[in-house]
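# Report on the structure
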Amino acid sequence: MSNGDMYQDDGQYMANKSIYYDALVSLMTARKSYVSGGQTMSVDNHGLLKSVRFGKDAMTANDLGTSATRTEGLGVIIGNDPKLQLNDSDKMTLDMGAAHKNQKYRAVILTTRDGLATFNSDQAPTAWTNDQGTLTFSNQEINGQDNTQIRGVANPQVSGYLAVWVPVGASDNQDARTAATATENHDGKVLHSNAALDSNLIYEGFSNFQPKATTHDELTNVVIAKNADVFNNWGITSFEMAPQYRSSGDHTFLDSTIDNGYAFTDRYDLGFNTPTKYGTDGDLRAAIQALHHANMQVMADVVDNQVYNLSGKEVVSATRAGVYGNDDATGFGTQLYVTNSVGGGQYQEKYAGQYLEALKAKYPDLFEGKAYDYWYKNYANDGSNPYYTLSHGDRESIPADVAIKQWSAKYMNGTNVLGNGMGYVLKDWHNGQYFKLDGDKSTLPQI
């Protein structure tokens, strides 16, 4: 879930709700309370996508489950045809499973002519499953209840159709999620698909174009700390913070104009002394503590590729590459080029390398040299006909006693085009020899 879906950018952080806010909150809280167990998905002959979760302890439609299954599970109907119109004889069904036969369901979300209607309690339109556990819908309202028929609409919230149904009778604090285990896996896999992963919900907690705060209380991290319990109630398990770096602020392109935490010079300046767009280092610590206290994981938006506006220059050897990473057929080949690749800032000078020994002790394999094979995606210069080739790489070991107090070209794999021209460092194009001033060894163009 993204903050940009929940809130508008025409006010301070979390100040102005979007038109989708109520529906998204209803979906997230329903997910927390009802989504578990097995799943089926299909598209019917009306083009409607049907997704059903059966509830805990029921992995298939035939499983009877347990007492917990009865009040869990969720059915979703989605269509993208705003002109959808069922015939009088047409039926649309949601097979909620044998565990839910002869059961009363209620709406979480229904499509209306003007938008979406949301319901966060059992005081909502209802429908019953039959003795097979099937909910049935048509082009007619169910027992005269508004908006319970299926029809396509076109409005600012819906282009087509959306409905969500859950069992009646769940307690207010029902939580259908599966907690993550503390057991370590040693099978070499990074990702394990299971019920705990399925229960995880990440919230991207920022928007690039949020206006800058006018008071301390409006700062993003201050507002996050105050609303940690709100995020937890929605069912958020992992909160992704904005990139907390101080943008360079030179206003030469978008990121350094809106100060969104990208395009920074000093990646160690997290709001020391004066706040970034999101707050001070103290505000950041308070936000992290509040989120942890509310049982959420905190994720950092680590920006590895946007060190920007370094003030020091150096001459490097460079080859022009195209937008797809290929060497451009410019005819220049590898040339000497002047880059802004030296610098960093006072906090990089102060803090760089401070935790290298601790990191090596905890993650020793990150520092070890390795040989590995990988697939490389190739493109033509115009981006067409991508294909993969198997490549081999060798990673050198990383010394834990060398701190990068200042950037230079040897730590980087490239730079943006700086507008100097490939011939900015002068040379004799007939023999490829560069001109230089070096006492008696100077090489200058012949007049």
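Residues numbered from 1 in each chain as written. Predicted model: local features only at pLDDT ≥ 70, side-chain atom pairs only at ≥ 80, totals over all residues. Heavy atoms only, no water.

Moving on, we get to the overall build of the protein chain. Of regular secondary structure, the protein chain possesses 10 helices and 19 strands. Taking 22 Å as the expected radius of gyration for a compact globule of 447 residues, we find that the protein chain reaches 29 Å, considerably beyond that expectation. Projected onto its principal axes, the C-alpha positions of the protein chain cover 100 × 50 × 45 Å. Across the 447 residues in the protein chain, those meeting the buried criterion constitute 42%. A fraction of 65% describes how many contacts in the protein chain between residues 6 or more apart in sequence connect residues 24 or more apart. By element, 50% of the accessible surface of the protein chain is carried by carbon and sulfur atoms, the whole surface being about 25300 Å². On the protein chain, the mean spot of the 35 positive side-chain charges and the mean spot of the 51 negative ones are 1 Å from each other. (Helix = DSSP H or I, 4+ residues; strand = E, 2+ residues; numbered from the N terminus. Rg over C-alpha atoms; globule rule 2.2 N^0.38 Å. Buried < 20%, exposed > 50% of the residue type's maximum accessible area, 1.4 Å probe, protein only. Contact = heavy atoms within 4.5 Å. Areas by Shrake-Rupley, 256 points an atom, 1.4 Å probe, with all protein chains shown as cover. Lys, Arg positive; Asp, Glu negative; His and termini not counted. Charge placed at Lys NZ, Arg CZ, Asp CG, Glu CD.)

What follows covers the packing of aromatic side chains. Overall, the coordinates contain 14 aromatic pairs when judged by the stated rule. Seen in terms of ring centroids, Y203 and F239 are 5.5 Å apart; in terms of plane orientation they differ by 40°. Their pairing is tilted. Taken together, the residues Y203 in strand β11 (residues 202–204) and F239 in strand β12 (residues 238–240) connect sequence positions 36 residues apart. For the pair shown, Y203 and F239 are each scored as buried. (Phe/Tyr/Trp six-rings, centres within 6.5 Å; stacked < 30°, edge-to-face > 60°.)

A word on the pairing of strand β2 (residues 49–53). With 4 of 5 residues buried, β2 is to be regarded as a mostly interior element. Pairing geometry for strand β1 (residues 39–43) and β2, over 5 bridges, is antiparallel. Residue pairing in the sheet places M41 in a bridge with S51 of β2. Sheet analysis places β2 next to strand β3 (residues 74–79), joined by 5 bridges and oriented antiparallel. Looking at β3, one finds that K50 is bridged to I77. (Pairing = 2+ DSSP bridges.)

For the rest of this paragraph, the subject is the environment of G55. Here G55 is to be found in the loop between β2 and α3 (67–70). In the structure, G55 is positioned 79 residues away from T134 in sequence and 15 Å away in space, judged by C-alpha atoms. Once residues within four sequence positions are removed from consideration, G55 is found in contact with S36, G37, T69, E72 and G73.

The next subject is a nonpolar patch on the surface. A cluster of nonpolar side chains, namely Y355, L359, Y363 and L366, defines an oily patch on the protein surface of about 430 Å² accessible area. Turning to its location among the elements, L366 is positioned in the loop between α10 (356–362) and β16 (370–378). (Patch = residues over 30% accessible without salt bridge, like charges linked within 9 Å, V, L, I, M, F, W, Y side chains within 5 Å. Salt bridge = Lys/Arg side-chain N within 4 Å of Asp/Glu carboxyl O.)

Attention shifts here to the sheet that holds strand β13 (residues 297–299). The parallel open sheet is built from 3 strands, whose spatial order is β11-β12-β13. Edge positions in the sheet fall to β11 and β13, since each of these pairs with one other strand and no more. Going from strand to strand, the sheet's axes swing by 20° on average, the running direction of each strand aside. (Axes fitted to C-alpha atoms, helices over the stretch in contact; angles between N-to-C directions.)

On to unusual backbone geometry. Although it is not a glycine, N102 adopts a positive phi angle of roughly 50°. For N102, the location among the structural elements is in the loop between β4 (92–95) and β5 (104–111). Judged by its relative accessible area of 43%, N102 is partly exposed. Positive phi, normally seen in glycine, also occurs at D259, with a value near 55°.

With that settled, the discussion passes to the environment of L356. Of note, L356 is situated in helix α10. Sequence separation between L356 and N273 is 83 residues; the distance between their C-alpha atoms is 25 Å.

Helical geometry: 3.6 residues make up each α-helical turn, so side chains three or four residues apart lie on a common side. Across its 14 residues, helix α2 (residues 21–34) extends 20 Å between first and last C-alpha, which sits within 8% of the 20 Å expected from 1.5 Å per residue. Every buried residue of α2 is listed here: Y21, A23, L24, V25, S26, M28, A30, K32, S33 and Y34. Contacts made by the buried residues of α2 are with α1 (3–6), β3, β5, β6 (116–118), β10 (159–167) and α6 (228–234). (Expected span 1.5 Å × (residues − 1).)

Tracing the backbone through its elements, the reader meets Q145 in the loop between β8 (134–137) and β9 (153–154). Only 2.8 Å separates the side chain of Q145 from the backbone oxygen of T126, close enough to count as a polar contact. (Polar contact = N/O pair within 3.5 Å; in protein donor to acceptor, adjacent residues only side chain to side chain.)

This brings us to the pattern of salt bridges. Applying the stated criterion across every chain, the model contains 7 salt bridges. Residue R106 pairs with D122 through a salt bridge whose shortest N-O separation is 3.4 Å. In this pair, R106 sits in strand β5 while D122 sits in the loop between β6 and β7 (126–128), placing the two residues 16 residues apart along the sequence. Residue class for R106 comes out buried when judged on its relative accessible area of 5%. Between R177 and D175 there is a salt bridge whose closest N-O contact spans 2.8 Å.

This part covers the side chain of T265. On the secondary structure map, T265 appears in the loop between α7 (255–258) and α8 (281–293). Those residues in contact with T265, other than ones at most four positions away along the chain, are R246, S248, V307, Y308, N309, L310 and G344.

Right, let's talk about the environment of S317 for a bit. One can find S317 in strand β14 (residues 312–319). Put simply, S317 and Y372 are 55 residues apart on the chain and 27 Å apart in space, counted from C-alpha to C-alpha. Those residues in contact with S317, other than ones at most four positions away along the chain, are T334, Q335 and L336.

It is worth spelling out α8 at this point. If you check α8, its first and last C-alpha atoms are 18 Å apart, about what 13 residues at 1.5 Å a residue would give, namely 18 Å. Buried within α8 we find D281, D283, L284, A287, A290 and L291. Looking at the buried residues of α8, the elements they touch are α5 (220–226), α6, β12 and β13. N295 occupies a position one or two residues after α8 and carries a positive phi of about 70°.

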